[in-house]
Amino acid sequence: MTTTDRKPRVLSGIQPTSDSFHLGNYLGALRQWVALQDTADAFYCVVDLHAITVDHDPKVLHERSRVSAAQLLALGLDPERCTLFVQSQVPEHPMLGWILGCETGFGEASRMTQFKDKSSKQERTTVGLFTYPVLQAADILLYQTDQVPVGEDQRQHLELSRDLAIRFNGTYGRTFTVPDPYIVKETATIKDLTDPAKKMSKTSSTPKGCLYLLDEPNQMRKKIKGAVTDSDAEVRFDPENKPGLSNLMNIYTALGNTTFEKLEAEYAGRGYGDFKGDLAEVVADSIGPIATRTKEFLADKAELDRILERGAEKARIVASRTLAKAYKKVGFFAPAAL
């Protein structure tokens, strides 16, 4: 295979900070991860190093990392078609993170908007949270990543990764691939079911507002049927005046292979009861099997751990080469085999 024929390398990660991913994670990113296995040399990691920038229970974190990996496999990630691993199993990440931290200006790090947002919500702000974007840059640059799937909330962090790659290459000679953003096909942001002014999140003010991938089907149905709409019973896509209903229509079109126009025609004169009832079944049928497959992977934890170990071994082949190159460029001794 020639250089021009080589598949672009893609890297993305997700934090194990909840017992389950939610529908927003799936439609906004994880579904695209599965599709990218066909067109890219894909590296995906459960970023547990990032997860300890907030208070955590070690046992819970360990289990959540395993459950996160099981969900990714259940969604369709194939260890034969991608490299799936847990971040802490590849020690080159924090090792490169230190080097990049020494290339990052204090002002650059302090301008990261996510740090400002997250630190304002915590009683204790750590240095780890402050340097989070630098470790994220190490995650990306370590694999000579060509493209990084990003949403608007991560674009600033990718720009830092690009700046650090260009700066390091300019100072020490070409070492890192400068990553480009991979803009996924336009996907609607899924909103909280009880407060459509907010994005769906694990930190929802009420459990009813977040639709988790590991919810039981009846829980999913109940949440959809109880979702906030409005007093006007007309099924019409109008995010400004009907944000709750429009959010449900976004979910319907994403999972039901339909369009807003078809939904408006199908439910003309029928009201919200029929609409919500049908959507509840679409959600349960589409998302329900994920929980079943996740449980199957978790039933054999030894095999699941072996899958992750093999993924980490594959990741380290690439990561160790990049780290050795960076060590040599800055004047370090070659890292010892780990």
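Residues numbered from 1 in each chain as written. Predicted model: local features only at pLDDT ≥ 70, side-chain atom pairs only at ≥ 80, totals over all residues. Heavy atoms only, no water.

Participant: Would you mind going over the overall build of the protein chain with me for this structure?
Facilitator: A count of helices and strands for the protein chain gives 14 helices and 5 strands. Computed over the C-alpha atoms, the radius of gyration of the protein chain is 21 Å, within 12% of the 20 Å expected from 2.2 N^0.38 for a compact globule of 338 residues. The dimensions of the protein chain, computed from C-alpha atoms along their principal axes, are 70 × 45 × 45 Å. Sorting the 338 residues of the protein chain into buried and exposed places 47% on the buried side. Sequence-distant contacts, at least 24 apart, represent 74% of the contacts inside the protein chain between residues at least 6 apart. With the model as given, the accessible surface of the protein chain reaches about 16500 Å², and the carbon-plus-sulfur share is 53%. For the protein chain, the distance from the average site of its 43 positive side-chain charges to the average site of its 45 negative ones is 3 Å. (Helix = DSSP H or I, 4+ residues; strand = E, 2+ residues; numbered from the N terminus. Rg over C-alpha atoms; globule rule 2.2 N^0.38 Å. Buried < 20%, exposed > 50% of the residue type's maximum accessible area, 1.4 Å probe, protein only. Contact = heavy atoms within 4.5 Å. Areas by Shrake-Rupley, 256 points an atom, 1.4 Å probe, with all protein chains shown as cover. Lys, Arg positive; Asp, Glu negative; His and termini not counted. Charge placed at Lys NZ, Arg CZ, Asp CG, Glu CD.)

Participant: Please explain the packing of helix H10 (residues 217-225) against helix H13 (residues 271-298) as it appears in this structure.
Facilitator: Axes are the key here: two packed helices are described by the angle between their axes and the distance separating the axes. Taken N-terminus to C-terminus, the directions of H10 and H13 make an angle of 145°; their axes are 9 Å apart at the nearest point. Crossing angle aside, the handedness with which H10 passes H13 is right-handed. Here H10 contributes Pro217, Met220, Arg221, Ile224 and Lys225 to the contact with H13, which in turn contributes Lys276, Gly277, Leu279, Ala280, Glu281, Val283, Ala284, Ile287 and Gly288. When its residues are assigned to classes, the contact of H10 with H13 shows 8 nonpolar, 2 polar and 4 charged. (Axes fitted to C-alpha atoms, helices over the stretch in contact; angles between N-to-C directions. Left-handed = near helix turned anticlockwise from the far one by under 90°. Nonpolar A, V, L, I, M, F, W, Y, C, P; charged D, E, K, R; others polar.)

Participant: Honestly, the pattern of salt bridges in this entry has me stumped. Any pointers?
Facilitator: Two side chains of opposite charge can pair, provided their charged atoms sit close to one another. Applying the stated criterion to the full structure yields 23 salt bridges. In this structure, the salt-bridge partner of Glu234 is Arg236, at a minimum N-O distance of 2.7 Å. The class for Arg236 is partly exposed, based on a relative accessible area of 26%. Two residues, Glu303 and Arg306, come together in a salt bridge whose shortest N-O distance is 3.0 Å. (Salt bridge = Lys/Arg side-chain N within 4 Å of Asp/Glu carboxyl O.)

Participant: Is there a simple way to explain the side chain of Ser18 in this structure?
Facilitator: Following the sequence through the fold, Ser18 ends up in the loop between strand E1 (9-14) and helix H1 (23-36). Judged by relative accessible area, which is 17%, Ser18 ranks as buried. A polar atom in the side chain of Ser18 sits 3.2 Å from the backbone oxygen of Ser20. Sequence-distant contacts of Ser18, defined by excluding residues within four places in its chain, comprise Arg64, Lys202 and Tyr212. (Polar contact = N/O pair within 3.5 Å; in protein donor to acceptor, adjacent residues only side chain to side chain.)

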